[in-house]
Amino acid sequence: SDSAAAAADWIAGAALVLSVYAVVRGEMRSNADKRRRRKIGPADEVRNAATELRQSFVAMASEGGWHVDRFLDEEHKGMGQRMADVRGRVEDVTLSGHLEVAEREWNTAFGLAPPVRVTVVQLGLPPDPEVLRDEARLAQQVAAADTGREACDAALLRLNELERP
């Protein structure tokens, strides 16, 4: 009878230890998930902003650059500010760094955007210096778009890493 009581006590004690272990482990996992979510920030917004910006960089590079009117259309207006807002809510230093590069390259590309001009090409005359300057700015803009696209790719990769349990 004493051995049966001792066995029952031992089983109850083991069950208590396992229960405490399960609770502690669950709490640790929950805290780790909370910390990870805090590092990522608003994951869906980060993903959407980085994806939209990446698509715009790809279009910009494939089209040989954009004039200023393209940056001011409804689709692209405020895109750099949206990225800055999202980036401000991200605590992960690596992810935030990639988003910062993407935002900076967007602002650089916007700053390089030449105005829309009506140009007349006259055969036999040298090209208009303004047209040549605009073409050089568009080439610089394409380089900024390539760097920005790479930063968006890196940000999305880092976001995927952070979202893995």
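Residues numbered from 1 in each chain as written. Predicted model: local features only at pLDDT ≥ 70, side-chain atom pairs only at ≥ 80, totals over all residues. Heavy atoms only, no water.

As for its placement among the helices and strands, Gln141 is situated in helix α6 (residues 129-163). Classification of Gln141 as buried rests on a relative accessible area of 0%. At a separation of 2.4 Å, a polar atom in the side chain of Gln141 contacts the main-chain amide nitrogen of Trp66. Residues within four places of Gln141 in sequence aside, it is in contact with Met60, Gly65, Trp66, Phe71, Ala109, Leu112 and Ala113. (Helix = DSSP H or I, 4+ residues; strand = E, 2+ residues; numbered from the N terminus. Buried < 20%, exposed > 50% of the residue type's maximum accessible area, 1.4 Å probe, protein only. Polar contact = N/O pair within 3.5 Å; in protein donor to acceptor, adjacent residues only side chain to side chain. Contact = heavy atoms within 4.5 Å.)

Right, let's talk about α6 for a bit. Here α6 contains 35 residues, and its C-alpha end-to-end distance of 51 Å stays within 8% of the 51 Å for a straight helix at 1.5 Å per residue. For α6, the capping residue at the N-terminal end is Asp128, with a side-chain oxygen 3.0 Å from the backbone nitrogen of Glu130. (Expected span 1.5 Å × (residues − 1).)

All right, on to the packing of aromatic side chains then. This model, assessed by the stated rule, comprises 5 aromatic pairs. For the pair Trp66 and Phe71, a centre-to-centre distance of 5.5 Å together with 70 degrees between the ring planes defines the contact as edge-to-face. Across the pair, Phe71 and Trp66 agree in class, each one buried. Aromatic side chains Trp66 and Trp106 sit 6.2 Å apart centroid to centroid with 85 degrees between the ring planes, which places their arrangement in the edge-to-face category. Of the two residues, Trp66 sits in the loop between α2 (43-62) and α3 (68-71) while Trp106 sits in helix α5 (residues 93-112), which places them 40 residues apart along the sequence. Each member of the pair, Trp66 as well as Trp106, is classed as buried. Members of the aromatic cluster, each reached through a chain of ring pairs, are Phe57, Trp66, Phe71, Trp106 and Phe110. Geometry around Trp66 places Arg70 over its ring, the cationic atom sitting 4.2 Å from the centre. (Phe/Tyr/Trp six-rings, centres within 6.5 Å; stacked < 30°, edge-to-face > 60°. Lys NZ or Arg CZ within 6 Å of the ring centre and 35° of its normal.)

A separate point is the packing of helix α4 (residues 79-87) against α5. Look at α4 against α5: their axes get within 9 Å of each other, and the N-to-C directions meet at 165 degrees. Between α4 and α5, the angle falls in the class roughly antiparallel. The element α4 and its partner α5 pack so that their crossing is left-handed. Residue-level contacts link Met79, Gly80, Met83, Ala84 and Arg87 of α4 to Ser96, Leu99, Glu100, Glu103, Trp106 and Asn107 of α5. (Axes fitted to C-alpha atoms, helices over the stretch in contact; angles between N-to-C directions. Parallel < 35°, antiparallel > 145°, perpendicular 65-115°, else oblique. Left-handed = near helix turned anticlockwise from the far one by under 90°.)

The next subject is the pattern of salt bridges. Under the counting rule described, the total for this entry stands at 13 salt bridges. Here Arg87 makes a salt bridge to Glu103, at a shortest N to O gap of 2.9 Å. On the criterion of sequence distance, the pair formed by Arg87 in helix α4 and Glu103 in helix α5 is long-range, its members being 16 residues apart. Among the ionic pairs, Asp153 bridges to Arg149, the shortest N-O distance being 3.0 Å. Here Asp153 and its partner Arg149 are both found in helix α6, 4 residues apart, which amounts to about one turn of the helix. Residue Asp153 is classed as partly exposed on the basis of its relative accessible area, which comes to 26%. Taking the relative accessible area as the measure of exposure, Arg149 reaches 23% and is therefore partly exposed. (Salt bridge = Lys/Arg side-chain N within 4 Å of Asp/Glu carboxyl O.)

All right, on to a nonpolar patch on the surface then. A grouping of Leu16, Val20 and Val24 is seen on the molecular surface, where their side chains present a nonpolar patch of about 270 Å² in accessible area. Relative to the elements of secondary structure, Val20 occurs in helix α1 (residues 2-40). Judged by its relative accessible area of 46%, Val20 falls in the partly exposed class. (Patch = residues over 30% accessible without salt bridge, like charges linked within 9 Å, V, L, I, M, F, W, Y side chains within 5 Å. Areas by Shrake-Rupley, 256 points an atom, 1.4 Å probe, with all protein chains shown as cover.)

Quick look at the confidence of the model for the chain now. In this model, the chain carries an average pLDDT of 87, and 90% of its residues clear a pLDDT of 70 or more. Mean pLDDT in the chain bottoms out at α1, which sits at 70, and peaks at α5, which reaches 97. (pLDDT = per-residue confidence, 0-100.)

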